[in-house]
Amino acid sequence: MVIFSVYVVNKAGGLIYQYDNYVPRAEAEKTFSYPFDLVLKHHDEKVVVSFGQRDGIRVGHALLSINGVDVIGKNTAEGKDILEYLKDPANFPVSIRFGRARLSSNEKLMLASMFHSLFAIGSQLSPEVGSSGIEMLETDMFKIHCFQTLTGIKFILLADPRQSGVDVLLRKIYEIYSDFALKNPFYSLEMPIRCELFDQNLKSALEIAEKAGNFGAGS
């Protein structure tokens, strides 16, 4: 079983902790001749495929490297604009690696805030008073699980749909937060969590859960 990532969101909707436990890297590398037959565009400081799919390369995939050298945002390692570079026949044939780009820090902050708002909307849409809000969202590839404490802190976990014992694991993460963040004299409430013992114990809990396929009360 796989646990992908953990997010901790404060009561105002700010992301105060995020850990990527496992990020699948669906990548494809291909050698292209001139003229280049995919349509690329700039998007959020990256170059992504906007039209054309082939050999494992999909719309939305980001360009990651050219001739084995990682690109830097919208530019090659030499500082040249990638779109201009691929217009020059002298640069072909060229080997390009595509894949899903990792979320930036700003994107993670934005997504955490969006989930906070969605959680509030879910509570307001409830036909009954006192709804707990969203506890789980499911896709074909993963599930988003959420546990909100009485003080409004949200612990969000992305996991394989087959992963069991997630509710117990979320409460275990809350326990780790209480023991190693709240009891840390240098930690301020609602602020980003930067505590080595919190990191270590969180990683240990995730490792136990993945190996067992579940997280029982005695773990």
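Criteria and cut-off values
- Residues numbered from 1 in each chain as written.
- Predicted model: local features only at pLDDT ≥ 70, side-chain atom pairs only at ≥ 80, totals over all residues.
- Heavy atoms only, no water.
- Buried < 20%, exposed > 50% of the residue type's maximum accessible area, 1.4 Å probe, protein only.
- Helix = DSSP H or I, 4+ residues; strand = E, 2+ residues; numbered from the N terminus.
- Pairing = 2+ DSSP bridges.
- Expected span 1.5 Å × (residues − 1).
- Contact = heavy atoms within 4.5 Å.
- Axes fitted to C-alpha atoms, helices over the stretch in contact; angles between N-to-C directions.
- Parallel < 35°, antiparallel > 145°, perpendicular 65-115°, else oblique.
- Left-handed = near helix turned anticlockwise from the far one by under 90°.
- Nonpolar A, V, L, I, M, F, W, Y, C, P; charged D, E, K, R; others polar.
- Phe/Tyr/Trp six-rings, centres within 6.5 Å; stacked < 30°, edge-to-face > 60°.
- Lys NZ or Arg CZ within 6 Å of the ring centre and 35° of its normal.

Observations concerning the pairing of strand S6 (residues 62-66)
Okay, so step 1: Of all 5 residues making up S6, 5 are buried, and the element is well covered by its neighbours.
Okay, so step 2: As paired strands, S6 and strand S8 (residues 94-99) are joined by 4 bridges and run antiparallel to one another. Opposite Ser 65, over in S8, you have Arg 97 as the bridge partner.
Okay, so step 3: For S6 and strand S7 (residues 69-70), the ladder comprises 2 bridges, and the chain directions are antiparallel. Bridging across to S7, Ile 66 finds its partner in Val 69.

Looking at helix H3 (residues 166-182)
Okay, so step 1: In this model H3 runs 22 Å from its N-terminal to its C-terminal C-alpha over 17 residues, within 8% of the 24 Å that 1.5 Å per residue would give.
Okay, so step 2: Looking at H3, one finds that the buried residues are Val 166, Leu 169, Leu 170, Ile 173, Ile 176, Tyr 177, Ser 178 and Ala 181.
Okay, so step 3: On its buried face, H3 sits against strand S1 (3-9), strand S10 (143-148), strand S11 (154-159) and helix H4 (196-212).

Overview of the environment of Val 47
Okay, so step 1: Topologically, Val 47 is positioned in strand S5 (residues 46-51).
Okay, so step 2: Along the primary structure Val 47 and Leu 83 are separated by 36 residues, whereas in three dimensions their C-alpha atoms are 8.1 Å apart.
Okay, so step 3: Ignoring any residue separated from it by four or fewer positions in sequence, one finds Val 47 in contact with Leu 40, Lys 41, His 42, His 61, Ala 62, Leu 63, Gly 73, Lys 74, Ile 82 and Leu 83.

Focus on the packing of H3 against H4
Okay, so step 1: Between H3 and H4, whose axes approach to 9 Å, the crossing angle comes to 165°. As summarised for this structure, H3 and H4 are arranged roughly antiparallel, according to the angle between their axes. Relative to H4, the crossing made by H3 is right-handed. Counting all contacts with H3, which are made through Leu 169, Lys 172, Ile 173, Ile 176, Tyr 177 and Phe 180, the residues of H4 involved are Leu 197, Phe 198, Asn 201, Leu 202, Ala 205, Leu 206 and Ala 209.
Okay, so step 2: Its residues assigned to classes, the contact of H3 with H4 comprises 11 nonpolar, 1 polar and 1 charged.

Things to note about the packing of aromatic side chains
Okay, so step 1: In this structure the tally under the stated criterion is 9 aromatic pairs.
Okay, so step 2: Summarising the aromatic geometry, the rings of Tyr 17 and Phe 198 are spaced 4.8 Å apart at their centres and angled 85° between planes, so their arrangement reads as edge-to-face. Pair noted here: Tyr 17 is in strand S2 (residues 15-20) and Phe 198 is in helix H4, with a separation of 181 residues, a long-range link.
Okay, so step 3: Accessibility expressed as a relative area gives 8% for Tyr 17, which makes it buried.
Okay, so step 4: When the ring of Tyr 34 is compared with that of Phe 92, the centres are 5.4 Å apart and the planes differ by 70°; the resulting orientation is edge-to-face. Of this pair, Tyr 34 sits in the loop between strand S3 (27-32) and strand S4 (39-43) while Phe 92 sits in the loop between helix H1 (82-85) and S8, and the two are 58 residues apart along the sequence.
Okay, so step 5: The structure contains a cluster of three or more aromatic residues connected by ring pairs, namely Phe 147, Phe 155, Tyr 174 and Tyr 177.
Okay, so step 6: Here the guanidinium or amino end of Lys 154 rests over the ring plane of Phe 119, the centre of that ring lying 4.8 Å away.

A closer look at unusual backbone geometry
Okay, so step 1: With an omega dihedral of 0°, the bond running from Tyr 34 to Pro 35 counts as a cis peptide bond.
Okay, so step 2: On the secondary structure map, Pro 35 appears in the loop between S3 and S4.
Okay, so step 3: With omega at -5°, the peptide bond leading from Phe 92 into Pro 93 counts as cis.
Okay, so step 4: Its place among the elements puts Pro 93 in the loop between H1 and S8.
Okay, so step 5: Positive phi outside glycine occurs at Asn 67, with the angle close to 50°.
Okay, so step 6: Examined against the element boundaries, Asn 67 turns out to sit in the loop between S6 and S7.
Okay, so step 7: Taking the relative accessible area as the measure of exposure, Asn 67 reaches 44% and is therefore partly exposed.

By themselves these figures say nothing about function.
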